[in-house]
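# Commentary on secondary and tertiary structure
Here is what each chain is made of, one letter per residue.
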Amino acid sequence: MEEIHRAHVLRQFCPLKMHFNVSCSYCGFVSPFPPQGAGGWTPRVSNRSQWLQIDLGDRVVVTAVATQGGYGSSSWVTSYLLMFSDSGRNWKLYRREESIAGFPGNTNADSVVRHRLRPPMEARHLRFLPSAWNPDGRIGMRVEVYGCRFRSDVMDFDGKSSLLYRFVQSTRNPMKDIISLKFKTRQSDGLLLHRRGRNGDFFTLELVKGRLLLITNSGTASPSPSGPGSVALGSLLDDQHWHSVLLEHARQHMTLSVDRHSRQFQARGQLSHADLDPEISFGGILAPGKSVTFQRKHFDGCLENINFNGEDIIDLAKKKPVPPAPRGNASFSCSQPQSVLVTFPSAGSRLVLPGTPAQDGVSISFQFRTWNQAGLLLSCRQAHNVGNTPSDLHSPGAGLNDGQWHSVSLTARRNQLSVVVDQVGVSAVHTALPLETHADGSYHFGGCLSSGSGSECEASLAGFQGCLRLISINAQEVDLISVQRGVLGNFSSLDIDSCGIRDRCLPNRCEHGGRCSQTWTAFHCNCSGTGYTGATCRQPLYEQSCEAYKHRGESLGRYYVDPDGSGPLQPFPVFCNMTDVPWTVMQHNSSALTRVKGADQNNPHWAVFQYEASLEQLRAIIAGARHCQQMLEFYCRRSRLRDPQDGTPLSWWVGSTHGTRTYWAGSMPEAQTCACGLAGNCVDSQHLCNCDADQDEWTNDTGVLSYKEHLPVTRIVVADAARPSSAAAYRLGPLLCQGDRSFWNSASFHTETSYLHFPTLHAELSADVSFFFKTRASSGVFLENLGITDFISLELRSPREVAFSFDVGNGPCEVTVRAPGPLNDDRWHLVRAERNIKEAWLQVDLLPPGTHTAPEDGHMRLQLNSQLFVGGTATRQRGFLGCIRSLQLNGKALDLEERAEVTPGVQPGCPGHCSTYGHLCHNGGRCQERPRGFSCDCELSAFSGPFCTQGECGPAGRRGPHAASFHGDMTLARERITFSFQTLQTPSLLLYVDSFYNKYLSVILAKNGESHLSVRNINCVVHTVHVECSVNKGKLSYSANPGASLPQSAPTTCAHHPYPLTALSPAEPGDHVDEDTARAGARGFSGCLSALQFERTAPLKAALHPGRSGRASVLGPVASSECGASPQVTVEACKGNGWVWAVSGAAELGCAGHTPAITIFLAPSPGVVAVAIFILLCMAAVAVHLYQQRSLCATTEVEGPRKQGSNAAAPRCELGRPDTVGGEQQAGL
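Small disclaimer: the values here were computed from a predicted structure and weren't measured. (Residues numbered from 1 in each chain as written. Predicted model: local features only at pLDDT ≥ 70, side-chain atom pairs only at ≥ 80, totals over all residues. Heavy atoms only, no water.)

On to the overall build of the protein chain, then. Across its full length, the protein chain holds 11 helices and 86 strands. Within the span of the protein chain, comprising 1229 residues, buried residues form 53% of the whole. Summing over all exposed atoms, the protein chain offers an accessible surface of approximately 53000 Å²; the carbon and sulfur share of this is 50%. (Helix = DSSP H or I, 4+ residues; strand = E, 2+ residues; numbered from the N terminus. Buried < 20%, exposed > 50% of the residue type's maximum accessible area, 1.4 Å probe, protein only. Areas by Shrake-Rupley, 256 points an atom, 1.4 Å probe, with all protein chains shown as cover.)

Most of strand β10 (residues 177-184) is tucked away: six of the eight residues are buried. Relative to strand β15 (residues 243-250), β10 runs antiparallel, the two sharing seven bridges. Bridging from a neighbouring strand, Phe183 pairs with His243 of β15. With five bridges joining them, β10 and strand β19 (residues 300-308) adopt antiparallel strand pairing. (Pairing = 2+ DSSP bridges.)

If you check which residues of helix α9 (residues 1075-1083) are buried, you get Asp1076, Thr1077, Ala1080 and Gly1081. One side of α9 holds all its buried residues, which, seen down the axis, span an arc of 125 degrees. Along α9, the residues that are exposed and aim more than 90 degrees away from the buried face are Glu1075 and Ala1082. (Arc of directions from axis to C-beta.)

This part takes up the sheet that holds strand β45 (residues 605-608). The four strands are arranged β45-β51-β47-β48 in an open sheet whose pairing can be described as antiparallel. Edge positions in the sheet fall to β45 and β48 (660-661), since each has one partner strand and no second. Both β45 and strand β51 (residues 715-718) contribute to a ladder of four bridges, which runs antiparallel. When the sheet's bridge partners are listed, His605 is paired in β51 with Val718.

Turning next to the UniProt feature "domain: EGF-like" (unreviewed entry) in the protein chain. With numbering aligned to this structure, UniProt lists the feature "domain: EGF-like" (unreviewed entry) at residues 501-538 and 911-949. Regarding residues 501-538, the helix share stands at 0% and the strand share at 26%, and the terminal C-alpha atoms are separated by 27 Å. As annotated, residues 911-949 has a helix share of 10% and a strand share of 31%, and its two end C-alpha atoms lie 25 Å apart. (UniProt positions renumbered as here; feature names shortened; annotations may be inferred.)

Take the state of the cysteines next. A full pass over the atoms with the stated rule returns 14 disulfides. Cys546 shares a disulfide with Cys576; S-S distance 2.0 Å. Judged by the torsion about the S-S bond (-75 degrees), the Cys546/Cys576 disulfide is left-handed. Placement of Cys546 in helix α4 (residues 546-550) and of Cys576 in strand β42 (residues 572-577) is noted, with a sequence separation of 30 residues between them. (Disulfide = S-S within 2.5 Å.)

What follows deals with the environment of Val154. Structurally, Val154 can be placed in strand β8 (residues 154-158). Judged by relative accessible area, Val154 falls into the buried class, the value being 13%. A C-alpha to C-alpha distance of 6.5 Å links Val154 and Cys334, two positions 180 residues apart in sequence. Residues contacting Val154, with those up to four places away along its chain left out, are Trp242, Cys302, Leu303, Glu304, Ile314, Ser331, Phe332, Ser333 and Cys334. (Contact = heavy atoms within 4.5 Å.)

With that settled, the discussion passes to helix α5 (residues 615-624). Among the residues making up α5, those that are buried are Leu615, Gln617, Leu618, Ile621 and Ile622. For α5, the angular spread of the buried residues around the axis is 160 degrees, confining them to a single face. Where the residues of α5 are buried, they touch β41 (557-561), β42, β43 (583-586), β46 (627-637) and β52 (727-738).

It is possible for side chains of opposite charge to pair when their charged atoms get near one another. Applying the stated criterion across every chain, the model contains 36 salt bridges. Taking the shortest distance from any N to any O, the salt bridge between Arg151 and Asp312 comes out at 3.2 Å. Of this pair, Arg151 sits in the loop between β7 (142-149) and β8 while Asp312 sits in strand β20 (residues 311-312), and the two are 161 residues apart along the sequence. Overall, the relative accessible area of 53% leaves Arg151 in the exposed class. The class for Asp312 is buried, based on a relative accessible area of 15%. For the salt bridge of Arg538 with Glu511, the shortest nitrogen-to-oxygen distance reads 2.9 Å. With Arg538 in the loop between β39 (532-533) and β40 (539-540) and Glu511 in the loop between β36 (495-496) and β37 (515-518), this residue pair connects regions lying 27 residues apart in the sequence. A single network of salt bridges, built from pairs that share partners, joins Arg59, Asp86, Glu122, Lys182, Lys184 and Glu304. (Salt bridge = Lys/Arg side-chain N within 4 Å of Asp/Glu carboxyl O.)

Note: strand β27 (residues 406-413) against strand β28 (residues 416-421), six bridges, orientation antiparallel. From the neighbouring strand, Arg413 faces β28, where its bridge partner is Gln416. Between the antiparallel neighbours β27 and β28 lie two residues, among them Arg414 with a positive phi of about 55 degrees.

This paragraph deals with the confidence of the model for the protein chain. Of all residues in the protein chain, 71% have pLDDT values of 70 or greater, and the mean over the chain is 77. In this model residues 1-30 is a low-confidence stretch, pLDDT under 50, and it forms 68 contacts with partners more than four residues away in sequence or in other chains. Within the model, the stretch residues 1009-1067 combines pLDDT values under 50 with 212 contacts to residues more than four positions away or in other chains. (pLDDT = per-residue confidence, 0-100.)

Following the criterion strictly, the structure yields nine cavities of 30 Å³ or more and no others. Empty space within the second largest cavity amounts to approximately 100 Å³. When grouped by side-chain class, the residues that make up the lining of the second largest cavity number eight nonpolar, four polar and two charged. (1 Å grid on protein atoms, 1.4 Å probe; cavity = no way out; pocket = protein on both sides within 12 Å on 5 of 7 lines; lining within 4 Å. Points joined across faces, edges and corners; volume = space filled by probe spheres on them. Nonpolar A, V, L, I, M, F, W, Y, C, P; charged D, E, K, R; others polar.)

A word on the side chain of His512. With respect to the element layout, His512 can be found in the loop between β36 and β37. Side-chain polar atoms of His512 contact the backbone oxygen of Cys537, separated by 2.9 Å. (Polar contact = N/O pair within 3.5 Å; in protein donor to acceptor, adjacent residues only side chain to side chain.)

This part is about the sheet that holds strand β58 (residues 801-807). In a beta sheet, neighbouring strands pair by backbone hydrogen bonds and run either parallel or antiparallel. Overall, antiparallel pairing links the six strands, which are arranged β54-β63-β56-β57-β58-β59 in an open sheet. Bordering the open sheet on either side are β54 (756-758) and β59 (813-818), each of which pairs with just one other strand. Put simply, the sheet's adjacent strands are angled 15 degrees from each other on average, direction ignored. Pairing analysis gives seven bridges linking strand β57 (residues 791-798) to β58, with the strands arranged antiparallel. Each residue of the ladder has a partner; that of Ser798, found in β58, is Glu801. (Axes fitted to C-alpha atoms, helices over the stretch in contact; angles between N-to-C directions.)

Turning our eyes to something else, we now look at unusual backbone geometry. Here the bond from Arg118 into Pro119 is cis, since omega is 5 degrees, no more than 30 degrees from zero. Examined against the element boundaries, Pro119 turns out to sit in strand β6 (residues 113-133). With an omega dihedral of 5 degrees, the bond running from Leu711 to Pro712 counts as a cis peptide bond. With respect to the element layout, Pro712 can be found in the loop between β50 (703-705) and β51. One non-glycine residue, Asn309, adopts positive backbone phi at about 50 degrees. With respect to the helices and strands, Asn309 occurs in the loop between β19 and β20.

Right, let's talk about the side chain of Arg885 for a bit. Residue position: Arg885 is located in strand β64 (residues 882-889). At 8.1 Å, Glu547 is the nearest oppositely charged side chain to Arg885, a buried residue that forms no salt bridge. Here Phe743 takes part through its backbone oxygen, which lies 2.6 Å from a polar atom of the side chain of Arg885. With residues near it in sequence (within four places) discarded, Arg885 still touches Phe743, Trp744, Asn745, Ser746, Phe771, Phe772, Trp828, Leu896 and Tyr917. (Lys, Arg positive; Asp, Glu negative; His and termini not counted.)

For Cys910, the location among the structural elements is in the loop between β66 (906-908) and α8 (914-917). Each C-alpha atom of the pair Cys910 and Gly882 lies 8.8 Å from the other, and the pair is 28 residues apart in sequence. Setting aside chain neighbours within four positions, we find Cys910 in contact with Ser746, Ser748, Lys774, Trp828 and Cys883.

Another aspect to go through is the packing of aromatic side chains. Ring pairs (aromatic) are described by centroid distance and by the angle formed between their planes. Inspection of every chain in the model, using the stated rule, returns 24 aromatic pairs. Measuring from centroid to centroid gives 5.6 Å for Tyr917 and Phe934, while their planes differ by 0 degrees, and the two rings are stacked. A residue pair is termed long-range when its members are at least 10 positions apart, and Tyr917 in helix α8 and Phe934 in strand β68 (residues 933-937) qualify at 17 residues. Residues Tyr917 and Phe934 agree in their burial class; the two are buried. One aromatic cluster in this structure is built from Phe743, Trp744, Phe772, Tyr917 and Phe934. Cation over ring: Lys550 sits above Phe934, and NZ or CZ is 5.9 Å from the ring centre. (Phe/Tyr/Trp six-rings, centres within 6.5 Å; stacked < 30°, edge-to-face > 60°. Lys NZ or Arg CZ within 6 Å of the ring centre and 35° of its normal.)

Looking at where Ala607 falls in the secondary structure, it is placed in strand β45. C-alpha of Ala607 to C-alpha of Val717: the two residues are 110 residues apart in sequence and 6.4 Å apart in space. Setting aside chain neighbours within four positions, we find Ala607 in contact with Thr714, Arg715, Ile716 and Tyr730.

Rendered as structure tokens:
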């Protein structure tokens, strides 16, 4: 405290009061210690408690400051803080970049360092506070202040006064009204202005809990500060500092600006600026002769430079009796009372005040504001109980960490303590010992001070971080300026005469609707329910397209997609049909056939289609897709598309660009016709559309719209269905988009000196990068962007390490991720990196991400100005050798292939995807390379689909001895047979392997209790069982899964001989088989078999698709069905001393009172035999198809946050439809 007092005394001898007497148009400087002159300011003691204060004589606009060290000395300041004030009290810290408070100073005593203030500040008093100086010298400064005169017209409102302004018609602006003003106040609530209109319309600008609210009302609803017609902006505006307000009102569009923050919005109802009354109330609602529907607290504070459309209202109010005139006790000066504030910036900040004697106890009161949920506000000790534990008084109440001022009153009398918070409620605590106070007692605010003998008090809570004011002890207000001078009490790490509270949630840095919360030192984002994650809710949880989901191995179903990644669009649900190139299906609200009658040009029929996604979201999907289309069916009977007289459209549709489209499905925009007109097969050759023939029979113009820029269809208009016998009908299918253009967009870099260049990366406050790479090189730079001092870079540092480097002004920072294996393995690896004002984040594939936390009060803005270099650097060194694809910056894809086509050393595209994605091909499917990706060849697999996971199957039918047979020439030495089945029939012959030597194998589903290998199964569902028969020294042994029983008559010996397979006979089992096999074979099989795989051959697929192979034949009716499932039955033969047969399935089946089981019969025989495999499936003729195939799928929506529905229930899509109305459709129309 002694040093602070000395600095204050020393300051009195400085020529601090400098009158700034210049014209408004002239900018100059004031210099108490000119840099070109001798001398300067050097305090007696150099510490962080010193400051240099300047009085500019009047409020001015300060635009720049400059500093220099002490003349001819080793004293200079290397960094300093700058504070400003209007009255010499209640100082406020000037911040740059919304977070940086300090200014870089000098590096020697002679050079001048100048800083332009952006934005400029308005102040009369300035303080320079050195925070660092020459370690080999002392604090020394010479300063200059640059600025211009500030013109000010002020009015003081006492909470009861107001100002009513009536303007003449010439003041009204036909385009928009502009209102600007400045205000300062110590009250958190109060009305600034109010303007009414017709029919109860109005808007009100008022302070509510320190925030500025603009409330609009169209006269149809009751006004509410939290209702839909209110917009909030600003925070902590009751800090007794000037704040600027600008309100622009053009028709229904309004823009509100508070200080440096702005919001645009649409006024409710028909609240146009032209419909409002020519009068405005300031400071309170003053509307003579008009009813006021709600009351608001009047403004208590000062208003400055009120301006309406260029008119100075306060200047007019001074010229009495000309209106406007103030009402109540308003004056043309600002004489608001000043209170001394104190800031506790850290948990270790402390303030100790001496106690005062009192006869009947002690009373303490103060006000505080903070963001922290907990903190020690006050502790005290009785002087005669030094050895006892002190009494901690914790403030009661809820929501006290909202940044608002809250009052606390504490009273201690005898053995009772009582606390009142915000003058509401009393919390009382009784103590066992009487409470006494003495003059030598002390009160500790914040943390506790330690004495020479040890800890003066022990606190269970951390010290208070926040602001205090109006501290009173026994009804005497504490003079905090005396505390600052060291005359009263003691303190540590305090900022007196200033409240340094900041709203770190303004503006809200949490993206995509994340909810911001804060403490005194940091803010946090709650991203739940947003579809994003990360420190600022920027990282998307969902993939950008169905293509990306497919290459994660996902099957068809319902998913959420986020086509612009970290961009502003929210994720939305789509249906993904996982074909070789996936289709994205987007449904709308009207997929049924709609009939139209009675519509004409005066009363047309309008149909509006609402999709599950917004138009912007649909456009993003369409822009990123390779191809999009939408089926539009239009049926007509004497309903024309164009007027035959003048060609005026009578029916049309509207697309995404809201333009009228008169070309129809199957045609293109330039043709302006229908599909039949292009093909030349319209029903009337004189017309270009079937419907224009105006026939008295139903016809149609149906087809696919495929011009992406006009999709999706948002409206259909029909205006020719009112004539006799005239009618029309239409049906619009879902929007279908195929592929993702950016997912496979790639470039190959062949030299270290080659690179692709793109425009500068916009990454001031946040940026994210994602891409795939593959390489054989050990290192290389992926991308780089430079600024004057700032930069950002991503590189492969070593075969196992990826590094993300950047500098935003706080010094170089780096985040690295180290992989357990080499990354230069010529396989695709995913890199994702993000930098925001809270942290930097890097992830490679699915490895744990690396992070680097940013300083809370450091530089935030990344300033870049060079081009973005991809695959290399500006110096053409350390370039990347390999492939980069799907590069996205801030959610936007970069077209690498387009730029690579014109860049030496770089080629578009990159082959070789199966090394990474080949594992997605299952069940024997083979990965095949494609220029853009890969595909799974399922020809030799029993399964189909994009990943060879969909089993071929036939529907359950009538029982009968129908079979599918397969013939082949092969030697059976080691084979694997897999299939799945579903049936209600027992016994059933599932599999039969025969030879010309009467040696056979049969798999029978038998009733429980028979002397065969039996396993219990589940009720009437596709199931699998696992039973193994292995050979050990010529003996067969069986092992079964839980629930399986072994046959009593299982073979005990076997011999292995390879069988050459020559033919598969359709005959039923002959006389050489056992009785059970013969009985089961005679009954046949009724049910469903699927996914049959015989080694590398798929007999069932060949039977259902005869064109694929000539070696398959079918006896009886066999048809494809949807009854298959993924569980499999496996029978495997192994080389060695014997055979190992395995049957895989699920447990327990009970159908029609039976508990069937699986039985395996094995009759080995020496010699070479020809084996025939009979698969009995789906024998009866099906009377009615289970479903009718259509060109568009009728999706079934099922709940789920990302993927909804199951694979079995998901619809398939056929992209094709007949061009005419067929029998049942015509009859229906």
